[in-house]
2 protein chains.
Amino acid sequence: MTTINDIAKLAGVSRTTVSRFLNSNGYVGQEARERIEQVIQETGYMPSQSAKSLRTKKTGVIGIILPKISTETSSRVVSGINDVMKKKGMQILLTDTELDPDKEIEYLRLLKSRQADGIILLATNISERLQKEIDAIPIPVVALGQDVPGIPSLTYADYDASSDMMQLLIGKGHERIGFIGVSNTDPAVGGIRQKAYKEMMQKHGFEVREGWIAEGDFSIESGYEAMKQIITSDRTEVPTAIFCVTDRMATGAMEYLKEQGFRIPEDIAVAGIGDAVMSRYITPSLTTVDYFNEEAGEATAEMLLATMEGKNYNKKNMHKYRLIKRDSV
Amino acid sequence: MTTINDIAKLAGVSRTTVSRFLNSNGYVGQEARERIEQVIQETGYMPSQSAKSLRTKKTGVIGIILPKISTETSSRVVSGINDVMKKKGMQILLTDTELDPDKEIEYLRLLKSRQADGIILLATNISERLQKEIDAIPIPVVALGQDVPGIPSLTYADYDASSDMMQLLIGKGHERIGFIGVSNTDPAVGGIRQKAYKEMMQKHGFEVREGWIAEGDFSIESGYEAMKQIITSDRTEVPTAIFCVTDRMATGAMEYLKEQGFRIPEDIAVAGIGDAVMSRYITPSLTTVDYFNEEAGEATAEMLLATMEGKNYNKKNMHKYRLIKRDSV
DNA sequence: AGATGATGTGTAATCGATTACACACCGTTT
DNA sequence: AAACGGTGTGTAATCGATTACACATCATCT
């Protein structure tokens, strides 16, 4: 590999001058400039980022810690982050915890060691150890999707969105409303959304029947199983509506209901959250909440950028959302 | 940030010993080992990757050049790559060309400058300039999805899969078969799949009518528009089957057909390629080809690893596939 | 007893960039 | 004519690790 020294030698100048040329700071004469330009052209020289980073402490890389790479939400968020970051000439380093809380910590360390300029954390749960780790890290960290104490976070409006959805269901006359959630170790998806469900039920004086509540693990199949569990728990009295905390689980739930000959929404209405692409094209199309994931990714990126510049310390934001009424309700 | 020198000083040894401890090479005595261990524990020291990379020329990062981050295919492939790479302690740096061929070159350069240990290219088209750039790069590059001359490539079995699908259609008695493709600047998706379509039609002596061929841009909407174009080109004689080169476009096509009151598959059969998750849950479920994207990602990662070790030079592989017969045909 | 080899540690060069500082030149101002 | 400031370039230290080489110690073998 050609180095800055080679370029300097070939162009007959010192490496300082070459460096000045590369970074366009300081003076570089016309002649020197031309010779350097030419030599770089000929050699295809590219400065070593490692050397640069070692000196400047800037890597131009921001790390993203995802629960899972290949989900629609993740890829939409990453796409949004990337849109903002590429404009700043920053690259994205991906890591994937596979929903393992230990890995969140492990990757936080790793990104520290790689001296990422910033970190975006899509946490799933917030342990004390994670907190400590974040506090100990000399790199700006921001969170998306969960309110992580101590750092700037952009959360989805889980409570409001869920309440709105419940209100929609209730407005259509539903009283026997079932719920398919996820483990409440996930505060946002598991905790808050269920809280909204229960509080809305109670507020309207509807019975929250245990048999109508089931838990999945984000997968379509688990939605299917959860739905089966709810239906078979008491065949004599099934709910007239099901509120699922994700579109994927709602899709699975619908699959089961269709198999069993239930008409959607006439017999049972189904609602989800997340506006997966799929939701629009399944039959009936799914009523859901759009969380604007790309934009949330962009906003989080901006938040990180601001934090990196020292602004914006510990700001908390809630992202916008939009109820999408389709045919499943 | 604490450095190796700090650790050495605190532990009362030289930095050489600390380095030996860290990399577990060379001898380190019991006492020294314990002291170093403790100091590292206390300080939370992490070695600087930049410094390490500068010396060793290894970054532990592999770059992926994607046409688009937020597509299902991309995220599945990346997930597969990541599964393999994480076992080797390698991280993934993502770049996204937005289908712009110039960016493929730009990112190749960038990854060179970042001294990625290897590069996986999901090319969309193969220009001469790209070729030259690849040749000039002192980093192993492998390709997925396109046969890129001069480097190891894993391609999908586009010709065979398309032929099989055509055979399925023809076996069901279809003779008037339409085609929704993409621009043939993309050799694999645009070129080969169309070639298979045309050759199968000709082989069976069926007329390839121009009005029954339309081009989309991978999006669902473009599939919708392409279908519309085909149907409206000659209302008196519409095809009885449509072969779409991607599931997304097939989804759009089905959407249009359903709107227009066509029954699928009775009036018009629809087939796709790619086995998007969605395809199973739309109505009717879509007949398609599973390309095993995760596994293809894994295989490509293994190919890169082998290439990085000097084996495997310029090997060409074709990935397996599986026809999935569902209700749309 | 001297040679040998395993064990344990340190010295110092090196990787490829950035940058503070010094210096030289030259036209303009006072 | 001396002082000054803008231009243009070079010297050398520095970032934080790795590693070739040298050296010291000690147990074992011949």
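Computed from a predicted model, the values in this text were never measured in an experiment.

Q: Could you clarify how one ought to interpret the UniProt feature "domain: HTH lacI-type" (unreviewed entry) in chain A in this entry?
A: Taking the numbering used here, the UniProt-annotated feature "domain: HTH lacI-type" (unreviewed entry) corresponds to residues 2–56 of chain A. End-to-end, the C-alpha atoms of residues 2–56 of chain A are 20 Å apart, and along that stretch the chain is 71% helix and 0% strand.

Q: In this structure, what is going on with the packing of aromatic side chains? I would like to understand it.
A: All names here are of chain A. This structure, assessed with the given rule, holds eight aromatic pairs over all chains. For the ring pair Y156 and Y291, a centre distance of 4.6 Å and an interplane angle of 0 degrees mean the geometry is stacked. Of this pair, Y156 sits in the loop between β5 (153–155) and α8 (158–171) while Y291 sits in the loop between β10 (288–290) and α13 (293–308), and the two are 135 residues apart along the sequence. In this pair, the class of Y156 matches that of Y291, namely buried. Measuring from ring centre to ring centre gives 4.7 Å for F179 and Y197, while their planes differ by 20 degrees; the resulting arrangement is stacked. With a gap of 18 residues between them, F179 in strand β6 (residues 177–182) and Y197 in helix α9 (residues 187–203) connect regions that are remote in the sequence.

Q: How should the environment of E215 of chain A be read in this particular structure?
A: Residues and elements named next belong to chain A. Locating E215 in the fold gives a position in strand β7 (residues 213–216). E215 gets classed as exposed once you look at its relative accessible area, which sits at 52%. Put simply, E215 and V245 are 30 residues apart on the chain and 9.8 Å apart in space, counted from C-alpha to C-alpha. Discounting residues that sit within four places of it in the chain, E215 has contacts with G181, V182, S183 and A226. Polar side-chain contacts of E215 include one of 3.4 Å to the backbone nitrogen of S183.

Q: Looking at this structure, I do not really get the relation of the copies chain B and chain A. What am I missing?
A: Both copies of the chain are related by one operation, a rotation about an axis with a shift along it. When chain B is fitted to chain A, the residual RMSD is 0.1 Å, and the transformation amounts to a turn of 180 degrees plus an axial shift of 0.0 Å. Here the symmetry operator amounts to a two-fold rotation axis. By residue overlap, the copies meet face to face through one surface: 100% of the interface positions of chain B are interface positions in chain A.

Q: What's the story with the protein's contact with DNA strand C in this structure? I'm lost.
A: Not every one of the 28 residues close to DNA strand C is listed here, only the nearest: I4 and S19 of chain A together with T16, G29 and R55 of chain B. Of all DNA strand C atoms lying within 4 Å of any protein atom, the proportion belonging to sugar or phosphate reaches 55%. R15 of chain A is positioned such that a nitrogen or oxygen atom in its side chain is 3.3 Å from a base oxygen of DNA strand C. A51 of chain A has a polar backbone atom sitting 3.4 Å from a base nitrogen of DNA strand C. Elements that contribute at least two residues to the surface near DNA strand C include exactly α2 (15–23) and α4 (49–56) of chain A together with α2 (15–23) and α4 (49–56) of chain B.

Q: Would you mind going over the domain arrangement of chain A with me for this structure?
A: Interface size, as often reported, equals the accessible area lost upon joining of the parts. When the domains of chain A are assigned, the result is domain 1 (4–47), domain 2 (56–155 + 294–319) and domain 3 (158–290). For domain 1 of chain A versus domain 3 of chain A, the distance between C-alpha centres works out to 64 Å.

Q: Is there a simple way to explain the protein's contact with DNA strand D in this structure?
A: Near DNA strand D there are 27 residues, and of these T16, G29 and R55 of chain A together with I4 and S19 of chain B occur at the shortest range. A share of 55% of the atoms of DNA strand D within 4 Å of the protein falls on sugar and phosphate groups. Between DNA strand D and K57 of chain A there is a distance of 2.8 Å, counted from a sugar or linking oxygen to a side-chain nitrogen or oxygen. Elements represented by at least two residues in the surface near DNA strand D include exactly α2 and α4 of chain A together with α2 and α4 of chain B.

Q: Even after reading the chapter, I still don't get the interface of chain B and chain A, so can you show me in this structure?
A: Facing 49 residues of chain B, the contacting portion of chain A comprises 49 residues. Of the roughly 4200 Å² buried where chain B meets chain A, counting both sides, 58% is carbon and sulfur surface. The three residues of chain B that bury the most area against chain A are Q91, R114 and Y281 of chain B, which together make up 16% of that side's buried surface. Applying the counting rule to chain B against chain A returns two salt bridges.

Q: Looking at this structure, I do not really get the environment of A136 of chain A. What am I missing?
A: Residue and element names in this part refer to chain A. Relative to the helices and strands, A136 is located in helix α7 (residues 128–136). A residue is classified by how much of its surface remains accessible, and A136, at 57% relative accessible area, is exposed. As for A136 and R109, which are separated by 27 residues in sequence, their C-alpha atoms are 9.8 Å apart.

Q: Help me out: how do you make sense of the sheet that holds strand β7 (residues 213–216) of chain B in this one?
A: The strands making up a sheet associate through backbone hydrogen bonding, with each pair oriented either parallel or antiparallel. Residues and elements named next belong to chain B. Reading across the sheet, the four strands line up as β7-β6-β8-β9 and stay open at both edges, with parallel pairing between neighbours. Either end of the sheet is taken by a strand with one partner, and the two such strands are β7 and β9 (269–271). Averaged over all pairs of adjacent strands, the angle between their axes in this sheet comes to 20 degrees, without regard to strand direction. Where strand β8 (residues 241–244) lies against β9, three bridges are found, and the strand directions are parallel. Directly across from A241, in β9, lies its bridge partner A269. Strand contacts of helix α8 (residues 158–171): β6 (177–182), β8 and β9, with the helix running at about 170 degrees to β8, the strand carrying the most contacts. Its contacts with the sheet put helix α9 (residues 187–203) on β6, β7 and β8, and the angle it makes with β6 is roughly 165 degrees.

Q: Could you clarify how one ought to interpret the sheet that holds β7 of chain A in this entry?
A: Residues and elements named next belong to chain A. Read across the open sheet, the four strands follow the order β7-β6-β8-β9; overall the sheet is parallel. Since the sheet does not close on itself, it has two edges, and those belong to β7 and β9 (269–271), each with one partner. On average, adjacent strands in this sheet sit at an angle of 20 degrees to one another, irrespective of strand direction. Relative to β7, β6 is paired through four bridges, and the arrangement is parallel. The partner of G181 across the bridge, within β7, is E215. The sheet contacts of α8 involve β6, β8 (241–244) and β9, and relative to β8 the element is tilted by about 170 degrees. Sheet strands touched by helix α10 (residues 220–233): β6, β7 and β8. Its angle to β7, the strand with the most contacts, is close to 160 degrees.

Q: What exactly am I supposed to notice about the pattern of salt bridges here?
A: Side-chain pairs of opposite charge can arise where the charged atoms are in close proximity. Residues and elements named next belong to chain A. Counted by the stated rule, this structure contains 36 salt bridges over all chains. Where K316 meets D147, a salt bridge forms, and the shortest distance between an N and an O atom there is 3.0 Å. Here the residue K316 occupies a position in strand β11 (residues 316–318), and D147 occupies one in the loop between β4 (141–144) and β5, the gap between them amounting to 169 residues. In the salt-bridge network here, residues are joined through shared partners; they are E207, R209, D234 and E237.

Rules used in this analysis
- Chains are numbered independently. Their residues run from 1 in the order of the written sequence.
- In the order they appear in the text, chains get letters beginning with A and ligands get numbers beginning with 1.
- pLDDT decides what is reported in this predicted model: residues at 70 or higher carry local features, side-chain atom pairs at 80 or more are listed and counted, and totals for whole chains, interfaces and linings draw on all residues regardless.
- The basis for the side-chain values is all heavy atoms of the structure; hydrogens and waters are excluded.
- UniProt positions are given in the numbering used here, feature names are shortened, and annotations may be inferred rather than shown by experiment.
- A run of H or I in DSSP counts as a helix once it spans at least four residues, and a run of E counts as a strand once it spans at least two, with each numbered from the N terminus.
- Only Phe, Tyr and Trp rings are paired, with Trp represented by its six-membered ring, and only when their centres lie within 6.5 Å; those with planes under 30 degrees apart are stacked, over 60 edge-to-face, the remainder tilted.
- Exposure classes here rest on a 1.4 Å probe applied to the protein chains alone. A residue is buried below 20% of its type maximum, exposed above 50%, and partly exposed in between.
- A contact between two residues is defined here by any heavy atoms of the two lying within 4.5 Å.
- Here a polar contact is taken to be a pair of N or O atoms separated by no more than 3.5 Å, where protein atoms must pair a possible hydrogen donor with a possible acceptor and residues adjacent in sequence count only if both atoms sit in side chains.
- A least-squares superposition brings the copies together, and it is based on the C-alpha atoms of residues with pLDDT no lower than 70 in both.
- Put simply, a residue is near a molecule or strand once any heavy atom of it comes within 4 Å of that molecule or strand.
- By convention here, the domain bounds are inherited from an automatic or database domain assignment.
- Note on terms: buried area is the combined drop in 1.4 Å-probe accessible area of two parts once they are placed together, counting the loss on both.
- Definition used for salt bridges: Asp or Glu carboxyl oxygen within 4 Å of a side-chain nitrogen of Lys or Arg.
- Should DSSP find at least two bridges between two strands, the strands are taken to pair.
- Orientation is described by axes fitted as lines to C-alpha atoms, over the contacting stretch for helices, and by angles from 0 to 180 degrees between their N-to-C directions.

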